[in-house]
Amino acid sequence: LSAELEDGAEPEPAALAEVLAGTQQMQQAMGQLRSRLNDSQREIERLREEVRRARHDATVDALTGLANRRAFDQQLAACLVAPHDAVGPCLLVGDIDHFKSINDTWGHGFGDHVLRAVAEVLRTLAPEDCLVARVGGEEFALLLPAALLSDAQALAEKIRQRIGAARIRRQGSDETVARVTLSLGVVLHQPSETAH
């Protein structure tokens, strides 16, 4: 074709039609390729979202929305190997007192309501850098990565008082059903200690 153009001759209509048809085929192929690429990008984003959701589900307690035991163990291990200045990581561990009797008396649905209420108090009072986790049935832990023991003890007392002062009511009722208390222990990590 280029040789014909150089000689000044007009290209043959069949050759032009062939080039035009080839161009149209390439455009169609490019359109199909773009469409497949867009579909692939949507599928990749969907899979990424599934992975994000799975990671979230693997580290969050479904009932309370707090970190779960797996997330707590991971964060504790990371915290213990990190270098610390004058203050070290402190751990608060709490257990709802007589929780079995709450479940036995008022039912597991009400027990779940109590767990969510306690979790909300912990989430509200915890400092920003604190990991709050539900680590067992009615057991909670707060990991303070850089805190003085006295500050951790003051936080534990504040939590204990706030939960002890609260009254739990049945949904849709003003009648106080249960008074919940929480026993807490506080410890400051010593350099020679491990998580186990």
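That block above? That's the structure.
Throughout what follows, the structure given in this document is the object of discussion. Not measured: the values here are computed from a predicted model. (Residues numbered from 1 in each chain as written. Predicted model: local features only at pLDDT ≥ 70, side-chain atom pairs only at ≥ 80, totals over all residues. Heavy atoms only, no water.)

**As for the packing of helix 4 (residues 99-106) against helix 5 (residues 108-125)**
And then number 1: Here helix 4 crosses helix 5 at 135°, and the two axes come no closer than 7 Å. With respect to helix 5, the axis of helix 4 lies oblique. Within the contact between the two elements, helix 4 uses Phe99, Ile102, Asn103 and Trp106 and helix 5 uses His108, Phe110, Gly111, Val114 and Leu115. (Axes fitted to C-alpha atoms, helices over the stretch in contact; angles between N-to-C directions. Helix = DSSP H or I, 4+ residues; strand = E, 2+ residues; numbered from the N terminus. Parallel < 35°, antiparallel > 145°, perpendicular 65-115°, else oblique. Contact = heavy atoms within 4.5 Å.)

**What to know about the side chain of aspartate 61**
And then number 1: Examined against the element boundaries, aspartate 61 turns out to sit in the loop between helix 2 (13-59) and helix 3 (69-81).
And then number 2: Its relative accessible area of 13% is what places aspartate 61 among the buried residues.
And then number 3: In this structure the side chain of aspartate 61 is engaged in a polar contact, spanning 3.1 Å, whose partner is the side chain of arginine 134.
And then number 4: Excluding residues that lie within four positions of it along the chain, aspartate 61 makes contacts with Leu66, Ala67, Asn68 and Arg134. (Buried < 20%, exposed > 50% of the residue type's maximum accessible area, 1.4 Å probe, protein only. Polar contact = N/O pair within 3.5 Å; in protein donor to acceptor, adjacent residues only side chain to side chain.)

**Comments concerning the sheet that holds strand 1 (residues 88-96)**
And then number 1: Spatially, 2-3-1-6 is the arrangement adopted by the four strands of the open sheet, whose pairing is antiparallel. At either end of the open sheet lies a strand with only one pairing partner, and these are strand 2 (131-134) and strand 6 (182-188). Between one strand and the next, the sheet's axes are offset by a mean angle of 15°, whatever the strand orientation.
And then number 2: Pairing geometry for strand 2 and strand 3 (residues 139-147), over four bridges, is antiparallel. Among the inter-strand pairings, leucine 131 is bridged to a residue of strand 3, identified as leucine 143. (Pairing = 2+ DSSP bridges.)

**With respect to the packing of helix 5 against helix 6 (residues 149-165)**
And then number 1: Between helix 5 and helix 6, whose axes approach to 10 Å, the crossing angle comes to 140°. Between helix 5 and helix 6, the crossing angle belongs to the class labelled oblique. Note on packing geometry: the crossing formed by helix 5 with helix 6 is right-handed. For the pair formed by helix 5 and helix 6, the contact residues are Val118, Val121, Leu122 and Leu125 on the first element and Leu155, Lys158, Ile159, Arg162 and Ile163 on the second.
And then number 2: Classifying every residue of the contact of helix 5 with helix 6 by side-chain character gives seven nonpolar, no polar and two charged. (Left-handed = near helix turned anticlockwise from the far one by under 90°. Nonpolar A, V, L, I, M, F, W, Y, C, P; charged D, E, K, R; others polar.)

**Points about the nonpolar core**
One broad trend across soluble globular proteins is that nonpolar side chains are buried collectively.
And then number 1: Residues Ile96, Val114, Leu142 and Ile159 are the most contacted members of the largest nonpolar core, which totals 30 residues.
And then number 2: Looking at this core, the elements with two or more residues in it are strand 1, helix 4, helix 5, strand 3 and helix 6.
And then number 3: Among the elements that take part in this core, helix 5 stands out by supplying eight residues, more than any other.
And then number 4: In contact with isoleucine 159, other than residues within four places in its own chain, are Leu92, Leu122, Leu125, Leu142, Leu182 and Leu184.
And then number 5: Among the nonpolar cores identified, the runner-up in size contains 12 residues, and Leu76, Leu91, Ala133 and Ala141 belong to it. (Core = buried A, V, L, I, M, F, W, Y, C linked by side-chain atoms within 4.5 Å.)

Treat this as a map of the structure, not an account of what it does.
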